[in-house]
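# A look at the structure
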Amino acid sequence: MKWSELFTSSVGKKLIMALTGLFLITFLIVHAGINACIWADVVNDDNGEMFNKAAHFMGSTVLIRIMEVGLFAGLLLHIVQGFMLEFKNRSTRKNKYAVNYANKGSKWYSRSMGLLGTLLLLFLVLHISHFWVPSRITHDMEEAFLSNGVVTHNLYKKMIDIFQEPWVVAVYVLGCISLAWHLLHGFQSAFRTLGVSNSRYVALINTVGVGFSIIVPLVFALMPISMHFGWVN
């Protein structure tokens, strides 16, 4: 395959979707681990210090900041290629089938990746405006004084304030539900696109994919819920 075909052919677009999708999956693992630090407050009443330390490390380390640029590039490429594939699939289905086989042919979420991806995009815009923009661009955030003498943004306090709004919590939870359905198809699809066809590995990937699609979005959803109901403070 020529390099130009990587961005123009159906096979190339699917390959890019698979590679960028797996890259974003690794980011979700890191992000979920950092978010889990908020529950350190339940154990030792640290007022969010562990979370703020983790967030400060991610925002002040040069290598991480470089990877952040790659993350946004990968995310943008994933979104663009996803919409291009969706538009192409719709254009090839102008004539509907006489018989609607529904889930007999494929699961509804595998047929609705465009819709789920759009909902996730709207959620990401809200999430970035809430946290990334104030932290990285406007610096419109209270300071936190860590035990090691470092002064950083108090993202923990920012989250508590934002998640007092019920509608914000509802949007975040809906975004996490969309993420779960998106991952349920995307996780397995990425490996199929990369040529993993051995039945033993496929069964393992399907099992890991289902677990990942449930656990990671659940961790993300519990963050706004925990802060809204005062389980952490």
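Look up a bit, the structure's there.
Residues numbered from 1 in each chain as written. Predicted model: local features only at pLDDT ≥ 70, side-chain atom pairs only at ≥ 80, totals over all residues. Heavy atoms only, no water.

## Quick word on the nonpolar core
Applicable threshold: The definition of a nonpolar core used throughout is a set of buried Ala, Val, Leu, Ile, Met, Phe, Trp, Tyr and Cys residues joined through side-chain atoms within 4.5 Å. Note on exposure labels: buried denotes an accessible area under 20% of the residue type's maximum, exposed denotes more than 50%, and partly exposed covers the range between, all computed with a 1.4 Å probe on protein chains only. Secondary structure follows DSSP: runs of H or I at least 4 residues long count as helices, runs of E at least 2 residues long count as strands, and numbering of each begins at the N terminus. Throughout, a contact is declared for two residues whenever any of their heavy atoms are within 4.5 Å.
Counting 22 residues, the largest nonpolar core has Phe51, Met159, Phe163 and Met227 as the members making the most contacts within it. Where this core is concerned, the elements lending two or more residues are α4 (49–60), α7 (113–138), α8 (155–162), α9 (166–193) and α10 (199–228). Examining the composition of this core, we find that 5 residues originate from one element, α8, more than from any other. Beyond its immediate chain neighbours, meaning those up to four positions away, Phe163 contacts Phe131, Val168, Val169, Tyr172, Met223, Pro224, Met227 and His228. Listed in part, the 13 residues of the second largest apolar core include Ile25, Leu120, Phe187 and Phe212.

## Thoughts on the side chain of Thr152
Put simply, the test is: Think of a polar contact as two N or O atoms within 3.5 Å of one another; within protein, one of them needs to be a possible hydrogen donor and the other a possible acceptor, and neighboring residues in sequence only count if both atoms come from side chains.
Topologically, Thr152 is positioned in strand β2 (residues 151–153). Within the structure, the side chain of Thr152 is placed 3.1 Å from the side chain of His56, a separation counted as a polar contact. The contact partners of Thr152, leaving out residues within four places of it in the chain, are Asn52, His56, Glu142, Glu143, Ala144 and Leu146.

## A word on the packing of α9 against α10
Heads up, the rule is: Here an axis means a line fitted to C-alpha atoms, over the contact stretch when the element is a helix, while the angle between two N-to-C directions is reported on a 0 to 180 degree scale. Oblique is the label for any angle not under 35 degrees, not over 145, and not in the 65 to 115 range, which are roughly parallel, roughly antiparallel and roughly perpendicular in turn.
Between α9 and α10, the least distance of the axes is 9 Å, while the angle of their chain directions is 170°. Judged by the inter-axis angle, α9 sits roughly antiparallel to α10.

## Quick look at a nonpolar patch on the surface
The following threshold applies: Each patch is built from salt-bridge-free residues with over 30% relative accessible area, joining like charges within 9 Å and nonpolar side chains (Val, Leu, Ile, Met, Phe, Trp, Tyr) within 5 Å. Where accessible areas are quoted, they stem from the Shrake-Rupley method and a 1.4 Å probe; at the residue level, only the protein chains shown are allowed to cover. Counted as salt bridges are all cases of a side-chain nitrogen of Lys or Arg within 4 Å of a carboxyl oxygen of Asp or Glu.
On the surface, a nonpolar cluster with roughly 440 Å² of combined accessible area is contributed by Leu218, Leu222, Phe229 and Trp231. With respect to the secondary-structure elements, Phe229 resides in the segment after α10.

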